[in-house]
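As a plain string of letters, each chain reads:
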Amino acid sequence: MATELTLAQTEEIRRLFALFSHVFDNGEVDALDQVFAADGAIELARTGSVFQGLDAIRKFNLSLGEHSPDHHTVDTVLSVDEDGTVRGRSRYLAILPDGSLHNGDYFDVLVHTEAGWRIAYRRSVPRYPLAGLH
């Protein structure tokens, strides 16, 4: 298995992460399949909530409504495990509807499908503020 990504693969994954913010933050639930694998999952570390599969991710996204944060993904580092598993580690900044900030880390597992790169698993680990948010 290859243990390094090509520059083209790296750019595709960075574009995927950017697309997440646009699609998720704008509630474009019909486009979430361009970001997540069909059996993809989001885990929220603070609450322990897990949204498994596109339907669950769509419902979660819709549940945020007008309270959905405005996400900005930065400082992404990509790696490939010896078994070929592609991982991403990113920082995120989220602007909340009241203008306050929330930040944390995304830990992603990525999969290459016939349609391109998709997030198979995303663990969101908030840092600040310390309580009360997803």
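Everything here concerns the structure above.
Just so it is clear, the model here is predicted, and its values are computed rather than measured.

Brief notes about the overall build of the protein
Move 1: Each helix and strand counted, the protein has two helices and six strands in total.
Move 2: Shown N-terminal to C-terminal, the secondary structure of the protein runs as helices and strands in the order α-β-β-α-β-β-β-β.
Move 3: Computed over its C-alpha atoms, the radius of gyration of the protein comes to 14 Å, within 12% of the 14 Å expected for a compact globule of 134 residues.
Move 4: For the protein, buried positions account for 41% of its 134 residues.
Move 5: Taking the intrachain contacts of the protein between residues at least 6 apart in sequence as the baseline, contacts between residues at least 24 apart amount to 50%.
Move 6: Accessible surface, the protein: about 7600 Å² in total, of which carbon and sulfur atoms supply 52%.

So, the sheet that holds strand β4 (residues 86–95)
Note: strands within a sheet are paired through backbone hydrogen bonds, in either parallel or antiparallel orientation.
Move 1: The six strands are arranged β2-β1-β6-β5-β4-β3 in an open sheet whose pairing can be described as mixed. The outermost strands of the open sheet, each flanked by one partner alone, are β2 (49–52) and β3 (70–80). Strand-to-strand twist of the sheet, defined as the mean angle between neighbouring strand axes without regard to direction, takes the value 15°.
Move 2: By the bridge criterion, nine bridges tie β3 to β4 in an arrangement that is antiparallel. Looking at β4, one finds that H71 is bridged to A94.
Move 3: Packed onto the sheet, helix α1 (residues 7–25) meets β1 (36–44), β3, β4, β5 (101–113) and β6 (116–128) and runs at close to 155° relative to β3.

Here's the deal with the pattern of salt bridges
Move 1: Following the criterion strictly, the structure yields six salt bridges and no others.
Move 2: Close ionic contact of R123 with E43 constitutes a salt bridge, the shortest N to O distance being 3.4 Å. One end of the pair, R123, is in strand β6; the other, E43, is in strand β1, with 80 residues separating them in the sequence.
Move 3: For R123, a relative accessible area of 31% translates into the label partly exposed.
Move 4: Using a relative accessible area of 17% as the deciding quantity, one classes E43 as buried.
Move 5: Where D105 meets R127, a salt bridge forms, and the shortest distance between an N and an O atom there is 3.7 Å. In this pair, D105 sits in strand β5 while R127 sits in strand β6, placing the two residues 22 residues apart along the sequence.
Move 6: Ionic contacts of the salt-bridge type, sharing partners, join the residues R91, D105 and R127 into one network.

Brief notes about the environment of T113
Move 1: Mapped onto the elements, T113 comes out in strand β5.
Move 2: When its relative accessible area of 26% is taken as the criterion, T113 is described as partly exposed.
Move 3: Measuring from C-alpha to C-alpha, the distance between T113 and L54 comes to 15 Å, with 59 residues separating the pair along the chain.
Move 4: Side-chain polar atoms of T113 contact the backbone nitrogen of A115, separated by 3.1 Å.
Move 5: A distance of 2.7 Å separates a polar atom in the side chain of T113 from the backbone oxygen of G116.

How each quantity is defined
- Residues numbered from 1 in each chain as written.
- Predicted model: local features only at pLDDT ≥ 70, side-chain atom pairs only at ≥ 80, totals over all residues.
- Heavy atoms only, no water.
- Helix = DSSP H or I, 4+ residues; strand = E, 2+ residues; numbered from the N terminus.
- Rg over C-alpha atoms; globule rule 2.2 N^0.38 Å.
- Buried < 20%, exposed > 50% of the residue type's maximum accessible area, 1.4 Å probe, protein only.
- Contact = heavy atoms within 4.5 Å.
- Areas by Shrake-Rupley, 256 points an atom, 1.4 Å probe, with all protein chains shown as cover.
- Pairing = 2+ DSSP bridges.
- Axes fitted to C-alpha atoms, helices over the stretch in contact; angles between N-to-C directions.
- Salt bridge = Lys/Arg side-chain N within 4 Å of Asp/Glu carboxyl O.
- Polar contact = N/O pair within 3.5 Å; in protein donor to acceptor, adjacent residues only side chain to side chain.

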